[in-house]
Amino acid sequence: MMKKETIKSTTMKKFLFATMIASLMAACGGGSDAPNPDPGPDPDPEPTGNNAPTVPVLSAPENNLLCIDNNLEFSWSASTDAEEDTIKYTIEVSLNSEFTEITHSVNNLTATSRAILLDRDQAYYWRVKASDSKNASSDFSSVFQLYTEGFGEENHLPFAPSLLKPEIGSTVQGNSASLMWGATDVDGDSLTFDIYLDTDPLPTTLVVSDHPSKDYVASSLTAATTYYWKVVAKDGKGGIAIGQVWSFTTN
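To keep things clear, this report deals only with the structure shown in the data block. (Residues numbered from 1 in each chain as written. Predicted model: local features only at pLDDT ≥ 70, side-chain atom pairs only at ≥ 80, totals over all residues. Heavy atoms only, no water.)

### Quick notes on the nonpolar core
Here comes step 1: Residues Phe 74, Trp 76, Ile 91, Leu 118, Trp 126 and Leu 146 are the most contacted members of the largest nonpolar core, which totals 19 residues.
Here comes step 2: Listed by contribution, the elements that provide at least two residues to this core are strand E3 (71-76), strand E4 (87-94), strand E5 (102-109), strand E7 (122-132) and strand E8 (144-148).
Here comes step 3: Here Leu 118 is in contact with Asn 70, Leu 72, Phe 74, Val 93, His 104, Tyr 124, Leu 146 and Thr 148, once residues within four sequence places are set aside. (Core = buried A, V, L, I, M, F, W, Y, C linked by side-chain atoms within 4.5 Å. Buried < 20%, exposed > 50% of the residue type's maximum accessible area, 1.4 Å probe, protein only. Helix = DSSP H or I, 4+ residues; strand = E, 2+ residues; numbered from the N terminus. Contact = heavy atoms within 4.5 Å.)

So this is what it looks like as structure tokens:
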């Protein structure tokens, strides 16, 4: 009789222990399907990215200007910054429109103008970009070109031709390519152009001379081939300006 009561007592204890454990799990939220409470708005949101300043707009010297004085004051419009950061400017002056021959580069300018002494009887190209105090920079401005007057000059060289299309390294469709460039002359002389085109990175094949317009269609091109080309501008008075070498690839 004592043995049966002991077994019954032990069974009851196990039942009570299991019931207690189940109650504790329910009270502690042990169920995996319980929805998470809404955390509400982030009290400390991540900061937004920094915006670069706007691109400066060039004002003086005007584009295509023949400058009598070679000590020039370059100026541009002030950029704006969405975060109102401090803005500084970089001005670059080059002997070519690709800015591979930079003669003057001035950084950290707080003013929107800068005086620069240039050589006489020389074509120059210039541009400006803006940077904020968090090192975000705008794109460079458009490029202006100018010519400084020489001593006793009666004729000035044309500006070097500038690329319009196709873009450098671009791919053209078919076996022909439409080539376009820009070129001006401060004396207002009519210009003609010699066009060089071949597969050598330093093209020497003259495909047309004394071409009267600023465009040319190159035909009978080989597929899947990279071509290099350049344009030489002539003013008819002995003035010659050699353009940079550009390239494109046929499809």
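Structure shown, so let's carry the discussion forward.
### Things to note about unusual backbone geometry
Here comes step 1: The amide bond that connects Ala 60 to the next residue, Pro 61, takes the cis arrangement and shows omega of 0°.
Here comes step 2: Checked against the element boundaries, Pro 61 lands in the loop between strand E1 (58-60) and strand E2 (65-67).
Here comes step 3: In this structure, the amide linkage connecting Lys 165 to the following residue, Pro 166, adopts the cis form with an omega of -5°.
Here comes step 4: Here Pro 166 lies in the loop between strand E9 (162-165) and strand E10 (170-172).
Here comes step 5: Its identity is not glycine, yet Glu 84 carries a phi of approximately 60°, on the positive side.
Here comes step 6: You can see Glu 84 is positioned in the loop between E3 and E4.
Here comes step 7: Positive phi outside glycine occurs at Ala 224, with the angle close to 55°.
Here comes step 8: By the element assignment, Ala 224 lies in the loop between strand E14 (215-218) and strand E15 (226-234).

### A closer look at the side chain of Ser 170
Here comes step 1: Within the secondary structure, Ser 170 is located in strand E10.
Here comes step 2: Only 2.7 Å separates the side chain of Ser 170 from the backbone oxygen of Glu 167, close enough to count as a polar contact.
Here comes step 3: Ser 170 has contacts with Ser 247, Phe 248 and Thr 249, leaving out every residue within four places of it along the chain. (Polar contact = N/O pair within 3.5 Å; in protein donor to acceptor, adjacent residues only side chain to side chain.)

By themselves, these figures tell us nothing about what the structure is for.
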